[in-house]
Amino acid sequence: MQAIVETGFDAIYLILVITIGIRMIRGCKGNKQYRLFGIMAVVLGAGDAFHLIPRALALCTTGLENYTVPLGLGKWITSITMTIFYVLLYHVWRTRYQVTGRSGITAAVYGLSAARIVLCMMPQNQWLSAEAPLSWGIYRNIPFALLGLLMIVLFYQSAKKHNDHAFRWMWLTIALSFGFYIPVVLWSDVIPMIGMLMIPKTCAYVWTVWIGFFAMKKDNQSAKK
């Protein structure tokens, strides 16, 4: 039952976010923020596919324990692409709210992203091992969590300041994604059921992508009038 439900959910998720991303890239009509958003959605789906497809194969065949290497490799790739996702989201913020300067924030975003990627590259993570250390799972997620917190603050403040109805919940989607993700990092090895939080985490990312897509459709319709 787990194999059927989880595989079906993941397939719908991957098809949905990649399709929305492609539609945004093709339908942005030269609007930079929506083109960035579309690329961001494709990066999200394509990156997650490296982990979710091997997981689906494992669940539907011989079990997760026999797919340690592809699952670990996929998790490593997903960790990198998720970091790129937030860098792109930062540039969506800058473009949408016509932000200029703010070099300190840009330096923080790129600094935290670089730290996250470097930590993900360290061999101590033991990505291809069934006994990957929890400590390095925490280390590499510290700059990632700080990056997410920064995005939450930026979108909350800007949406409120500009009375941006379309993006008013963007900060919440990011907060929810991290709220569901952090317990998985910390306790899923001890309490496997906590891994189920990845489902609402994934839904939060779909919500993020949908916000951008819906805003683009609304702007395109307004431009026709």
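Note that the structure is predicted; figures quoted are calculated from it, not measured.

Cut-offs used in this document
- In this convention, every chain numbers its residues from 1, walking through the sequence in written order.
- Two thresholds apply to this predicted model, a pLDDT of at least 70 for residue-level local features and 80 or more for giving and counting side-chain atom pairs, whereas whole-chain, interface and lining totals are computed over all residues.
- Each side-chain value is derived from all of the structure's non-hydrogen atoms; neither hydrogens nor water enter the calculation.
- Only runs of H or I of at least four residues qualify as helices and only runs of E of at least two qualify as strands under DSSP, and these elements are numbered from the N terminus.
- Burial status follows relative accessibility: with a 1.4 Å probe on protein chains alone, a residue under 20% of its type maximum counts as buried, one over 50% as exposed, and anything between as partly exposed.
- Here a polar contact means two N or O atoms within 3.5 Å. Within protein one must be a hydrogen donor candidate and the other an acceptor candidate, and residues neighboring in sequence count only if both atoms are side-chain atoms.
- In what follows, salt bridge is the name for a side-chain nitrogen of Lys or Arg lying within 4 Å of a carboxyl oxygen of Asp or Glu.
- Joining through side-chain atoms within 4.5 Å is the link that ties buried Ala, Val, Leu, Ile, Met, Phe, Trp, Tyr and Cys residues into a set, and such a set is a nonpolar core.
- The contact definition used throughout considers only heavy atoms, calling two residues in contact when any of these lie within 4.5 Å.

K.L.:
Any chance you could explain the side chain of Thr208 here in plain terms?
P.N.:
Looking at the element boundaries, Thr208 is found in helix H7 (residues 198–224). You can call Thr208 buried: its relative accessible area is 2%. In terms of polar contacts, Thr208 uses its side chain to reach the side chain of Thr173, at 2.7 Å.

K.L.:
Please explain the pattern of salt bridges as it appears in this structure.
P.N.:
Any two side chains of opposite charge can pair, on the condition that their charged atoms come close. This structure, assessed with the given rule, holds two salt bridges. Across the pair Arg55 and Glu6 runs a salt bridge, and its minimum N-O distance is 2.2 Å. Here the residue Arg55 occupies a position in helix H2 (residues 32–60), and Glu6 occupies one in helix H1 (residues 2–27), the gap between them amounting to 49 residues. Assessed through its relative accessible area of 22%, Arg55 is described here as partly exposed. Close ionic contact of Asp164 with Arg96 constitutes a salt bridge, the shortest N to O distance being 2.6 Å. Here Asp164 is found in the loop between helix H5 (134–161) and helix H6 (170–187), whereas its partner Arg96 is found in helix H3 (residues 68–96), with 68 residues between them in sequence.

K.L.:
Just checking my understanding: could you explain unusual backbone geometry for this structure?
P.N.:
Trans peptide bonds make up the majority, and among non-glycine residues the majority have a negative phi. Of note in this structure, Gln98 is not a glycine but carries a positive phi near 50°. Within the fold, Gln98 resides in the loop between H3 and helix H4 (103–121). A residue is classified by how much of its surface remains accessible, and Gln98, at 69% relative accessible area, is exposed. A positive phi angle, close to 50°, is found at Gln126, a residue other than glycine. Looking at the element boundaries, Gln126 is found in the loop between H4 and H5.

K.L.:
Hey, could you run me through the nonpolar core in this one?
P.N.:
Generally speaking, nonpolar side chains in soluble globular proteins are found buried as a group. Counting 48 residues, the largest nonpolar core has Leu44, Tyr86, Trp93, Phe155, Phe167 and Ile174 as its most contacted members. Residue assignment for this core shows that the elements contributing at least two residues are H1, H2, H3, H4, H5, H6 and H7. Look past the residues within four positions of Tyr86 in its chain and what remains in contact with it is Phe144, Leu147, Met151, Ile174, Ser177, Phe178 and Tyr205.

K.L.:
What is the right way to read the environment of Lys75 from this model?
P.N.:
Inspection of the secondary structure assignment puts Lys75 in helix H3. Judged by relative accessible area, Lys75 falls into the partly exposed class, the value being 43%.

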